[in-house]
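Remarks on the overall topology
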Amino acid sequence: MSNVEKKTGRERGEEWWQTDIIEMRPGVIRLRGYEIQDLIGRVSFPAMIWLMLRGELPGEEQAALLGIALGAAVDHGPQAPSIAIARMAATCGVGINSAMASAINVLGDVHGGAGEQALAFYGDIAAALDAGVTLADAVASRLDRFFAEEKSYVPGLGHRFHPVDPRAPRLIELTRDFAARGVVSGRFADIAEAVEAEVARRKGKKIPLNIDGATAVIYGELGFPPPLTRGLFVLSRSVGILAHAWEQSQQSDRNKGPLPREWLWAYTGTPVRSFPQGEDDAK
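What counts, and at which threshold
Residues numbered from 1 in each chain as written. Predicted model: local features only at pLDDT ≥ 70, side-chain atom pairs only at ≥ 80, totals over all residues. Heavy atoms only, no water. Pairing = 2+ DSSP bridges. Helix = DSSP H or I, 4+ residues; strand = E, 2+ residues; numbered from the N terminus. Buried < 20%, exposed > 50% of the residue type's maximum accessible area, 1.4 Å probe, protein only.

1. A few points about the pairing of strand β2 (residues 28-31)
With four bridges connecting them, strand β1 (residues 22-25) and β2 associate as antiparallel partners. Across the sheet, R25 pairs through a bridge with V28, a residue of β2. Between the antiparallel neighbours β1 and β2 lie two residues, among them G27 with a positive phi of about 85°. Direction of pairing for β2 relative to strand β3 (residues 34-35): antiparallel, over a ladder of two bridges. Within β3, the residue paired with R30 across the bridge is E35. Counting the residues in the hairpin turn of β2 and β3 gives two residues, including R32, whose phi is positive at 50°.

2. Some remarks on the sheet that holds β1
Strand order in the open sheet formed by three strands is β1-β2-β3, with antiparallel pairing between adjacent strands. Among the strands making up the open sheet, the edge pair consists of β1 and β3.

3. Describing the environment of W17
Considering the arrangement of structural elements, one finds W17 in the loop between α2 (9-16) and β1. On the basis of relative accessibility, which here comes to 72%, the residue W17 falls in the exposed class.

Next comes the structure, spelled out in structure tokens:
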């Protein structure tokens, strides 16, 4: 008889799912070892996010900086695909959860993934710094490799709508404030600004940091790995998605598409043509 067969049903059930996150039984809920009733009213939402993801409670200022990054990216209006999709879904009569899910499902590499890409980019430079390379050389080397191999937009720089993303300078300023108080090191802010400066030197014009590059700085300063940066963006943007889905659900529009009715798409297919007549049609 195998060890699996020797175990009781309860033992098998308990080991079927294993998690370090939550312990629960009737009348008891513990998150990362803390009684839920001890957390309620004492721990902010950003601190709870940190606890759930990292396993320990953050310092008060760490939680504050995380909350700043989350708050900065909540919305970018209906010109952002995720927000537009939430509103269109709401006009189809679906519930809040379906409208939000429809919007969240488009947050991928192109729309929503640049923060993860930026932090990974910064992380490569940070690794070079750890190996003793100077900041200028580390940035130049990573950009050389990027332009030779990847040939795309440098993640975290530029914005299709804003000449200067108004969120980014403020986030960097606040990161510097927290670094001055010893909450974070300021290392990722240095890296981001060095990347921005080197790209400007090579291109002959400044391409400013955007929200993705600036929030990646904060998430990097706080020690979050790049894949979690995308998840944190989803949490942040979900606030705007919820607000827009709710607002749209309170209006009378039905089946509202991406364009007004009087503005139709450009048809680029075959010109109008006659259906070929067969023998039966000719009789």
